[in-house]
Amino acid sequence: LFLIVKPDLCLDAEDFQKLSIHPQFMPISVIALHITEKPFNKITDKELKDYSHIRTILKQSIPGKTNRSQLGLFHGKLTRSSKNVSDADNRTCRWRKPIQEAKFYSNILKRKIVLDVSTKAIKCIRKYGGFDNYILLSKAENLDSIYGEYLRTLMMKKLQDPEFDVGYVVKSRPITYHYNKQKHFFRGNDVVWYPKDIRYQDHTQDKLKFAEDLSKKEIQEIEDLRIAAENEETVSENPILKRLQEKDRVEMEKLEPYRQQALADLERMRKKKKNLVQKTIEMAQYYQNQGFSADQLGDNAVRPRKKYIKENKTLD
């Protein structure tokens, strides 16, 4: 029971009975829940994971609220309508919709959630310090969303029991990773900026590892390679050398198609350059036979070139 009394006031049973009759000090036996909190008040873990049961709850209609507002986070904001009035007193309906689709990531649920939010909700999320904080700390009357209470219930379950399996979260999307095959093959170390005077020097020593940076496996391999070099073992005799050679061979096989493509492009560019030089020589000879000189051409150099193209039709 909750009473609105001063902390320094001592009451016996008779005084308590007198105070309870007064409307200002009526005991509250049942805490009034918001209408969006009632469906999740006594929900079990099995019902919380049941998609059909959750979908039935989310489809409930609340008087004075739209279904879209209950499936998103509007923070009490709704679409408003008004009318544009022209000089001729023509009235056209105008809708103000401060609603947009946004993506949020929940660190507690480990899910990416896509839903409709209002600009007021976006400001509140930024004010509360994140999506999870907004869901957990907002009051039910401010959140005013059945879907928001559904997320709050899931987050509370997950915080109370870290091993709780959330399962499928309504309106969540899988986290996709874009894989670029070419970038995967040619990915290298992080780019390091060097000054211009030492940019094109050999920086192999900067990438070498010291003894404290090596793992136990790498140290053991170095020791085995040193012993193999002292005994003058061949690649077929030493398994480590054989593995390294096989690794290099596999990498070279992956790069071979790109090498062939680069050689083909280089050969094509050489032929193109050779043809261009040959056309230039032919055009110079044509100008000389026509009696044009470099001083006479000047700005009119385009005219004989067009005439040459018209007669020969071989210039690209």
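Residues numbered from 1 in each chain as written. Predicted model: local features only at pLDDT ≥ 70, side-chain atom pairs only at ≥ 80, totals over all residues. Heavy atoms only, no water.

A. Region of the structure containing the pattern of salt bridges. Within the structure shown, the criterion is met by 12 salt bridges. Across the pair Arg226 and Glu230 runs a salt bridge whose closest N-O atoms are separated by 2.7 Å. Residue Arg226 and its partner Glu230 are located together in helix H10 (residues 216-230), separated by 4 residues, close to a single helical turn. Residue classification places Arg226 among the partly exposed positions, given a relative accessible area of 40%. The exposure class assigned to Glu230 is exposed, which follows from its relative accessible area of 54%. Here Arg249 makes a salt bridge to Glu253, at a shortest N to O gap of 2.3 Å. Within this pair, Arg249 and its partner Glu253 are both found in helix H11 (residues 239-290), separated by 4 residues, close to a single helical turn. Classification of Glu253 as partly exposed rests on a relative accessible area of 46%. One network of salt bridges, with partners in common, ties together Glu223, Arg226 and Glu230. (Salt bridge = Lys/Arg side-chain N within 4 Å of Asp/Glu carboxyl O. Helix = DSSP H or I, 4+ residues; strand = E, 2+ residues; numbered from the N terminus. Buried < 20%, exposed > 50% of the residue type's maximum accessible area, 1.4 Å probe, protein only.)

B. Local environment of helix H8 (residues 146-160). With 15 residues, H8 extends 21 Å from end C-alpha to end C-alpha; this agrees with the ideal 21 Å at 1.5 Å per step. Turning to H8, its buried residues are Ile146, Tyr147, Gly148, Glu149, Tyr150, Leu151, Arg152, Thr153, Leu154 and Met155. One side-chain oxygen at the N-terminal end of H8 lies 3.3 Å from the backbone nitrogen of Tyr147; it belongs to Ser145. (Expected span 1.5 Å × (residues − 1). Polar contact = N/O pair within 3.5 Å; in protein donor to acceptor, adjacent residues only side chain to side chain.)

C. Broad picture of the side chain of His75. Of note, His75 is situated in the loop between helix H4 (67-70) and strand S1 (80-85). Of note is the side chain of His75, whose polar atom sits 2.9 Å from the side chain of Tyr134.

D. Spotlight on helix H5 (residues 119-128). Inspection of H5 places Ala121, Cys124 and Ile125 among the buried residues, and these make up the whole buried set. All buried residues of H5 project into a common sector of 105° when viewed along the axis, lining one side. Away from its buried face, by an angle of more than 90 degrees, H5 presents the exposed residues Lys123, Arg126 and Lys127. On its buried side, H5 packs onto strand S3 (99-106), strand S4 (111-118) and helix H6 (131-137). (Arc of directions from axis to C-beta. Contact = heavy atoms within 4.5 Å.)

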